[in-house]
Amino acid sequence: MSKILFVVTGVDHWTLADGTRHPSGFWAEEAVAPYEAFRAAGHEVVVATPGGVVPTVDKGSLAPEVNGGQEGADRIANALAAMAELRSPLKLEEVDLDDYAAVFYPGGHGPMEDLAVDAVSGELLTRALASGRPLAVVCHGPAALLAATGADGGNAFKGYDVAAFTNEEETQGGFADKAKWLLQDRLTEAGVTVKVGEPWAPHVVVDRNLVTGQNPASSAPLAAEVLKKLA
């Protein structure tokens, strides 16, 4: 079968408006659910990060309260430990897009810190979008779209419909008043149309080859949409 590229944040924190560093990284479920779906369908997964650093999981994403209880938390932790690809990522700078049938970006607050301003990632996203291959991004992962520049100098995703972590979810999560900026606002300012679903409920938007999900619960249905496009 084919290879699917996972582009994962390389940072272990998110800088808040007051300058403090909130421990972060990638969100466990958002990596695990698509990984398991893609592997079960016979695809190979390759992980890449800025600089090839081993990515950090947001410890908050391993808590029982966000995984349906201790049993769910244990399952996520065990699944994460089994993802050997996370321990030997490629350097994002060395990725050849032609090697991959699809590209996927998980979220967590980490992408707000690095991928939102990463020119290498931005160029990869722009080329992936133009290539027609499935491009999937979930939760805070769409922060990476902010670094993608089109031929006209505007955002490459201008005019696209997306799902992304909403202002309401950021507020309910307790970070809206602490953040330097909010993802829904920035995407809207860039000319991207954010289609808002119910807080914390699965919500996936498909626009041409772009597949986006609003929150962690959207990770599995997002992966299912990608697999439909690869079928």
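From a predicted model like this one, the values you see are computed outputs, not experimental measurements.

Caption draft 1: Quick look at the nonpolar core. Judged by nonpolar contacts, the single largest core of 66 residues is most densely connected at Leu5, Phe6, Tyr105, Leu135 and Phe157. In terms of residue count, helix H1 (residues 28–40) provides more of this core than any other element does, five residues in total. Ignoring sequence-local partners within four residues, the contact set of Tyr105 consists of Val7, Leu115, Ser121, Leu124, Leu125, Ala136, Val137, Val138, Gly141 and Ala144.

Caption draft 2: Here's a closer look at unusual backbone geometry. Backbone geometry places Trp200, a non-glycine residue, at a positive phi of 70°. Assessed through its relative accessible area of 39%, Trp200 is described here as partly exposed. Its identity is not glycine, yet Arg208 carries a phi of approximately 55°, on the positive side. Relative to the helices and strands, Arg208 resides in the loop between strand E10 (204–207) and strand E11 (210–213).

Caption draft 3: Region of the structure containing the pairing of E11. Side-chain alternation along E11 places Leu210 and Thr212 on one buried face and Val211 and Gly213 on a second face that is also buried. By the bridge criterion, four bridges tie strand E7 (residues 135–138) to E11 in an arrangement that is parallel. Bridged to Ala136 within E11 is Val211. Summarising the sheet, E10 and E11 pair through four bridges and their orientation is antiparallel. For Asp207, the partnering residue across the bridge sits in E11 and is Leu210. Turn length for the E10-E11 hairpin, with the two strands adjacent in sequence and antiparallel, is two residues, and the turn residue Arg208 shows positive phi of about 55°.

Caption draft 4: Structural view of the pattern of salt bridges. Evaluated as defined, the whole model comprises four salt bridges. One salt bridge connects Glu189 with Arg186, and the closest N-O pair in it is separated by 3.9 Å. A residue pair is termed a helical-turn pair when its members lie 3 or 4 positions apart in one helix, as Glu189 and Arg186 do in helix H6 (residues 183–189) at three residues. A relative accessible area of 35% means that Arg186 is categorised as partly exposed.

Caption draft 5: Main features of helix H7 (residues 219–230). Taking 1.5 Å as the rise per residue, H7 with twelve residues should run 16 Å; its terminal C-alpha atoms sit 17 Å apart, in good agreement. Among the residues making up H7, those that are buried are Ser219, Leu222, Ala223 and Val226. Projected down its long axis, H7 carries its buried residues within an arc of 100°, all on one side. Contacts from the buried residues of H7 go to H1, strand E6 (102–105), E7, E10 and E11.

Caption draft 6: Layout of the sheet that holds E11. Spatially, E5-E4-E1-E6-E7-E11-E10 is the arrangement adopted by the seven strands of the open sheet, whose pairing is mixed. Looking at which strands have only one partner, the edges of the open sheet turn out to be strand E5 (90–91) and E10. Taken together, the five bridges between strand E1 (residues 3–7) and strand E4 (residues 44–49) define a ladder with parallel strand orientation. The residue of E4 that forms the bridge with Phe6 is Val47. Of the strands in this sheet, E1, E4, E6 and E7 touch H1, which is tilted by about 175° from E1. Contacting E1, E6, E7, E10 and E11, H7 crosses the sheet at an angle of about 170° to E11.

Caption draft 7: Examining the environment of Leu125 more closely. Mapped onto the fold, Leu125 is located in helix H4 (residues 119–131). The class for Leu125 is buried, based on a relative accessible area of 1%. Sequence separation of Leu125 and Leu145 is 20 residues, and the distance between their C-alpha atoms is 7.1 Å.

Caption draft 8: Spotlight on the environment of Gly213. Mapped onto the secondary structure, Gly213 falls in strand E11. For the pair formed by Gly213 and Pro142, sequence separation is 71 residues and the distance between their alpha carbons is 9.0 Å.

Caption draft 9: Inspection of the packing of H1 against H7 at higher detail. Interaxial distance between H1 and H7 falls to 8 Å at its minimum, and their mutual angle equals 35°. Where H1 crosses over H7, the handedness of that crossing is right-handed. Only Ser219, Ala220, Ala223, Val226 and Leu227 of H7 make contact with H1, whose side of the interface consists of Glu29, Glu30, Ala33, Pro34, Ala37 and Phe38. For the contact of H1 with H7, the residue count by class is eight nonpolar, one polar and two charged.

Criteria and cut-off values
Residues numbered from 1 in each chain as written. Predicted model: local features only at pLDDT ≥ 70, side-chain atom pairs only at ≥ 80, totals over all residues. Heavy atoms only, no water. Core = buried A, V, L, I, M, F, W, Y, C linked by side-chain atoms within 4.5 Å. Buried < 20%, exposed > 50% of the residue type's maximum accessible area, 1.4 Å probe, protein only. Helix = DSSP H or I, 4+ residues; strand = E, 2+ residues; numbered from the N terminus. Contact = heavy atoms within 4.5 Å. Pairing = 2+ DSSP bridges. Salt bridge = Lys/Arg side-chain N within 4 Å of Asp/Glu carboxyl O. Expected span 1.5 Å × (residues − 1). Arc of directions from axis to C-beta. Axes fitted to C-alpha atoms, helices over the stretch in contact; angles between N-to-C directions. Left-handed = near helix turned anticlockwise from the far one by under 90°. Nonpolar A, V, L, I, M, F, W, Y, C, P; charged D, E, K, R; others polar.

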